[in-house]
Each structure stands twice: as C-alpha cells, then as structure tokens.
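Residue-level listing of the chains:
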Amino acid sequence: MRMFEHMTAQRLISPFESTFFGTDTKLGSVPTGGMPLYIGSTVHGALDPELLRRVLGELAAVHPMLRSRVITESDGTMYLRRDDDYRPRLDVTDGDEADYLRLVNGPRDWTGGLFRAHLLRAGERQQLVLTIHHGIADGRSAFALLAELWGRYTAHVAGSPLPVDDSDQSLPEAMDTRLAEVFSDAEVAEFLELAAAGVTMIDPAAAPRALPCDGDGVGDDLLGRFAVRRIELDSTETGALVDSARAHGISVNSLLCGAALVAWRTQLEPATGALPLLCGHAMDLRNELVPPLPAGTMLNVASGVGTPAEVGPEHNPIELGLLVAAGMQAAVARRDAGRFLLAAQRVTDPATAAAFAAAPTLAMSNIGRLPAHSTPPGLGHVRDDVFAMGPGMPPKLTVFTVGDRLTIQVEHDTAQHSRAQLGKVASALLEQLRRCAATRPSVAQLR
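*Asks:* Just give me the short version of the environment of Ala195, but keep the residues and values in it.
*Replies:* If you trace the backbone, Ala195 turns up in helix α7 (residues 185-201). Ala195 sits in the buried class, given a relative accessible area of 18%. The spatial distance from the C-alpha of Ala195 to the C-alpha of Ala355 is 8.4 Å, given a sequence separation of 160 residues. Not counting residues up to four positions away in its chain, the partners in contact with Ala195 are Thr352 and Phe356.

*Asks:* Summarise the sheet that holds strand β4 (residues 36-44); cite the residues concerned and give the values.
*Replies:* Ordered in space as β7-β8-β9-β4-β14, the 5 strands form an open sheet in which the pairing is mixed. Only two strands of the sheet have a single neighbouring strand rather than two, namely β7 (90-94) and β14 (380-387). The sheet shows a mean angle of 15° between the axes of neighbouring strands, taken without regard to direction. Pairing analysis gives 5 bridges linking β7 to strand β8 (residues 115-122), with the strands arranged parallel. Within β8, the position partnered with Asp91 by the bridge is His118. Taken strand by strand, helix α4 (residues 97-104) contacts β4, β7, β8, β9 (125-133) and β14, and its axis lies near 30° from that of β14. Relative to the sheet, helix α5 (residues 139-157) contacts β4, β8, β9 and β14, its axis offset from that of β4 by approximately 35°.

*Asks:* Run through the side chain of Gln127, naming residues and quoting values.
*Replies:* Note that Gln127 resides in strand β9. Relative accessible area serves as the criterion here: at 1%, Gln127 is assigned to the buried category. Separated by 3.4 Å, the side chains of Gln127 and Asp385 make a polar contact. Among residues more than four places away in sequence, those in contact with Gln127 are Ser41, Thr42, Tyr100, His118, Leu119, Leu120 and Asp385.

*Asks:* Explain the sheet that holds strand β6 (residues 78-82) residue by residue, including any values.
*Replies:* Read from one edge of the open sheet, 3 strands run β1-β6-β5, paired in antiparallel fashion. In this open sheet, the two edge strands, each paired with only one partner strand, are β1 (10-12) and β5 (68-72). Looking at each pair of strands side by side, their axes are set apart by 25° on average, direction ignored. Bridge count for β5 against β6 is 5 bridges, and the pairing is antiparallel. From the neighbouring strand, Val70 faces β6, where its bridge partner is Leu80.

*Asks:* Before we move on, can you summarise the nonpolar core with the specific residues and values?
*Replies:* Soluble, globular proteins show a tendency: their nonpolar side chains are buried together. Within the largest apolar cluster, 122 residues are counted, with the highest numbers of intra-cluster contacts made by Leu130, Ile132, Leu261 and Leu397. Excluding residues that lie within four positions of it along the chain, Leu397 makes contacts with Ala260, Trp264, Leu362, Ala363, Met364, Ser365, Ile408, Gln409, Val410 and Leu429.

Definitions and cut-offs
- Residues numbered from 1 in each chain as written.
- Predicted model: local features only at pLDDT ≥ 70, side-chain atom pairs only at ≥ 80, totals over all residues.
- Heavy atoms only, no water.
- Helix = DSSP H or I, 4+ residues; strand = E, 2+ residues; numbered from the N terminus.
- Buried < 20%, exposed > 50% of the residue type's maximum accessible area, 1.4 Å probe, protein only.
- Contact = heavy atoms within 4.5 Å.
- Pairing = 2+ DSSP bridges.
- Axes fitted to C-alpha atoms, helices over the stretch in contact; angles between N-to-C directions.
- Polar contact = N/O pair within 3.5 Å; in protein donor to acceptor, adjacent residues only side chain to side chain.
- Core = buried A, V, L, I, M, F, W, Y, C linked by side-chain atoms within 4.5 Å.

Printed below as a string of structure tokens:
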C-alpha cells in the first residue's frame, strides 16, 4: 500500500509542463517559464480571513496538484511531488486596484509552493486573488477552482461546510502524456509533414502582420509592465451580442475574434488594402482525452490553433467571424490542437520550428460562460479578474462570461507595445462591439 501511495504521490514533469517550469522557456510564441496565473473576485463587504484560510486548505486537500512541489534531481530531471503537509498562504493587506496591478506585476517566486492567495482590502471593497503556477492549471480549471472556493466559503458561513473528498489523491497525468495515448505516431508525423510542406509554400510577404513595437523595450511603466484594459458588458449588452452571433450562425467567440481583427487592422499600415492577420486561440483539450477530463480537475490542458484572415479596412466583424468559424471548425475536425502539442516536441526542421514559434497578430483566450458565484448574505459580487502574462507575450484578449455579464480584457507587455497603442485597439474593439450588438458597452481601464 505504501509503495502505491509513493508512486501516485510523485510523477515526472512532462515535456509540455517543463516549458512552464523551466527558465526563459516558451510554448510556441508564448513565454511560459515560471508564469503565474492570477484569478479572483472583487466583492463589496467584509471577508473573513480565517475562514478563507480554512477554505484554501480544503481546496489544497481536494486537489493534489495545488499542494505539489517541484523536485529537481542532480541530473536536472524534474518531478512533481505531493506535499500533504502543505497549507496555502494567505496574505492580507490594505490595497486597491493599483495594488492589484502591482501584485500581478510582482516577483514570481515559487519556492514556497505553487498555490497561494492574497486579500486586498480597501474598506468595503475587497479583492481576493488566487496565485497558481500556470504549469498546474489553465484558465478553465482556475475558474472552476474559484467557483468551488465561493461554494465552500458560502457553505461555511451558512454553517453547513462541504465535505472534503479525498477519494483520489493521485497526481493527474500531464496532458501530453495522455495525448500520446490518443494520437498515433503516424497522426503526429502527418501533422509535421503538412506543416513542413506549408512552410515551403509560404510567401514571406504573406506572413501575418503584427502591431509595430512602440514600447520602451524594458517595461519600465509606472503602472506595471503588464497592462490590462477591461471592456465590461452588462446583461443587456451581453444578451444583444449573443443574439447577434446567433442571428449570423456563428459563436460569440468567432464574432469577438472578427471584431478584434477589425480593431487590430486599424493600427496597421498601409491603411488601404487587405493584410494577412492571424488570431491565435487557446484551445481546451479536456474532451480530447480518454476519458474526458472534468473542468474541476486542476491541470493545464490548453493548447492552441490559429485562424488566418485577409483583413481590409472595409471588412466587418460578421464577415470575419464567419471566416474564423469556418477555420475553427476545420481545425477541430483535423484535431490540430492536440497534434500540434505533440508535433512541437518532435520537430527537427529549423524552418518548421520557426513557424511553430511565430507570433500571431493577436491571441485570444475565451474561457466561455460560467455560472454566477454563490456568495453569502451581505457579500456582493462585483467582478472577477484573471491574468496570465509573460515578458514578450503577444497582445491578447482574455474573455469570460460570469452569469450573464461578458468581460473582455485587452492585455499587453508595455516593453513591446505602449498603453496608447493598445488603448486605440481597445477603443476600436469597443466600437465594433457597439455596432454588432447595437448597444453601448462600458469600458474601464484599471489604474
């Protein structure tokens, strides 16, 4: 029995995960080494720190990845090892939105564990921020964890705490380890051959355009190197956008991507004619695994695909959304996201490797629609925030809908792109959303 417990309490860090646990490492064009994933909620009302500590301990008890540690052998081999004595740290300080930005721009030190939390208090405005190493969680599992936290906290306040289910405490296998059981070597080899053939046919003039870099080169920004600007839609505006997408037979994701491509095009030269753009999409692969992985399992199960489009100043989000929808459907049918992840580990051709690492015009991570949080009486949910950025990351949109309110975060590295430049992109995106939904979403910039 003890031998079995030892085996399930430790496992190798996979090649995919090693890009997150490495130093100066990348996954494709994304700098992933040591990247944190911040997620949390702002509420109106007082949170009980001791009760939060108890709930954080329950979350770590339920999810073995949250109490795992990185063990590095003398030969450099890395393992995840479950630490059953680990208790997540909660730091409680006075703080507002500016302090939140300082937090997400702060040092990334994982020696004390891979999961902790901060509570920033400014009177009745209180913000809880969970800090999770991106190597053990993706956006979808992080949002599931946040929902579980609120469910447990509310149950404690009501005097009916939820049970701590410890039936399976084995560390879940890494995504690429499980994908290797789903895809044959021939399927991965075919993907590599198609990619290599495509590289030889690409005209350099047709390479996707990127925003000109006008940042300061170092990210020495008073508000923090990593910037975020929020576009928040209320329930009416969200409903109108959903109705617009449905009326044209496309998903909200495709409509948002179409609007984003139009917005990015406004900042590219020349101002006339069509230019090749590429939107990179984070893809959740839970349903690709056998058996499928529940959203509540803490693990990073995100890969990516890209949808190209020739975008001119005359195009509108609906036209481009239809192109994106067709491209996404084809990528899903080919199972590109899963094959890309495995192929990237086997590529030997420098030109193909360079193509895999090429940055898209913009990236988009859409978490999807999530139920509204349960909060106890006297506590009002204001909003959620999620943030995951690394130095040199291409500009990206993070999209999520909690209850009936959609939020779009425009995020960028100020070393590469100035706040003024991405402010113009955000304004153009806002205008396209107004046109699509025939409503007026509000925009707020975090300070």
